Amino acid sequence: MFKIKDKYNIAIIGATGIVGESLLDIISTRKFPINKVIAVASKRSEGSKVKFGDNLLDVIAIDNYDFKNIDIAFFSAGSSVSKEYAPIAAKAGAIIIDNTSEFRYIDDIPLIVPEVNAIDIAQYEKTNIIANPNCSTIQMLVALKPIHDRYKILSINVCTYQAVSGSGKKGVDELLAQSHSYMNQQEVKPSVYPKQIAFNVIPFVDSFCENGYTKEEMKMVWETQKILDKNIKVNATAVRVPVLIGHSESVTIETQSPVDIKEIMSDFENNDGIELIDKPDSNEYPTAFLNGHGTDKVYVGRVRKSLDSDNILNIWVVADNVRKGAALNSVQIAEQLIKGER
């Protein structure tokens, strides 16, 4: 049982990565009740420093780190690190909030988007581990939850347009380096991605499965069914685009009952986690550069019914994949965790 305190000892595993840095920033700015923050990373990062508010934290190597005094440990250092060290930290008494795919599909481990299924957080007691979903799934389900509550979604067809920050710093560096090479008429060398990403669009994210879908696409299927409703049919196409930060999605849903656009707009406007930007007459709609970079909400626009059916709705969804798609969602889970009775 998680012990409610006035202040908590927090460990950030993967503190030098793009999500780790964002976690440190969000924990600081949201005034999470902190007693102590420990920055943890690989051996090669030991001795470096990371920013936490106005302070610099020394980075500690994870190899022999003792988690016995840690209350909450955020893991964002890759699946292999989570697989090896998260159970060790959990056994020492820490509650793990894991940002990798390592534990997402284990039945006894809750997979949480706080705006959607916060009630499931209590299931952590079986393992001391809570899983954070894939970034694309998070923003989509925040947008779809109010629609599902009102009309019951039967099926989802989604196309994602995913920023290179989804691949971490190495993805960002590759886009910038390739753009520079292309503009200077130099050879463009793909490394992180199988094709050139600068000035290009790649219909491939993660790795291919035997069924012809990519693992990223299948994540959206598995996670939607685990988090929102096991009966929803999901078809996804995941695309990498030359955007630094901010995932965009075109989502088409079919509902059990006919949708009312005014009701949907009202639900979006009254949802604290969503910002509606939908004024076609003045070209107002969410974009990754303006709304998906350094922001905490999920942005929705282009809300419109199908031309052929009152039970089919199309929406456009944008969010910061590093913040809401990873770091912020993890911190929101922790905020829900510490809300118990004192």
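Scope of this entry: the structure provided in the associated data block. (Residues numbered from 1 in each chain as written. Predicted model: local features only at pLDDT ≥ 70, side-chain atom pairs only at ≥ 80, totals over all residues. Heavy atoms only, no water.)

**A few points about the packing of aromatic side chains**
This structure, assessed with the given rule, holds eight aromatic pairs. For the ring pair Y105 and W222, a centre distance of 5.2 Å and an interplane angle of 70° mean the geometry is edge-to-face. One end of the pair, Y105, is in the loop between β6 (95-98) and α3 (114-117); the other, W222, is in helix α6 (residues 215-227), and 117 residues separate them in sequence. W222 gets classed as partly exposed once you look at its relative accessible area, which sits at 36%. Three or more aromatic residues link up through ring pairs in this structure, and these residues are F2, Y8 and F32. (Phe/Tyr/Trp six-rings, centres within 6.5 Å; stacked < 30°, edge-to-face > 60°. Helix = DSSP H or I, 4+ residues; strand = E, 2+ residues; numbered from the N terminus. Buried < 20%, exposed > 50% of the residue type's maximum accessible area, 1.4 Å probe, protein only.)

**Focus on helix α1 (residues 18-29)**
With twelve residues, α1 ought to run about 16 Å at 1.5 Å a step, and its terminal C-alpha atoms sit 17 Å apart, in line with that. Considered for burial, the residues of α1 that qualify are I18, V19, G20, S22, L23, L24, I26 and I27. Phi turns positive one or two residues past the end of α1, at K31, with a value near 55°. (Expected span 1.5 Å × (residues − 1).)

**Details of the sheet that holds strand β7 (residues 129-131)**
Ordered in space as β3-β4-β2-β1-β5-β6-β7, the seven strands form an open sheet in which the pairing is mixed. Across the chains shown, the open sheet's two edge strands, defined by having one partner strand only, are β3 (49-52) and β7. Each adjacent strand pair in this sheet contributes to an overall mean axis angle of 30°, direction not counted. Pairing geometry for strand β1 (residues 8-13) and strand β5 (residues 72-75), over four bridges, is parallel. Within the sheet, the bridge partner assigned to I10 lies in β5 and is I72. Sitting on the sheet, helix α9 (residues 323-337) is in contact with β5, β6 and β7, with an inclination near 165° to β5. (Pairing = 2+ DSSP bridges. Axes fitted to C-alpha atoms, helices over the stretch in contact; angles between N-to-C directions. Contact = heavy atoms within 4.5 Å.)

Everything listed here is a matter of geometry and, on its own, says nothing about what the molecule does.
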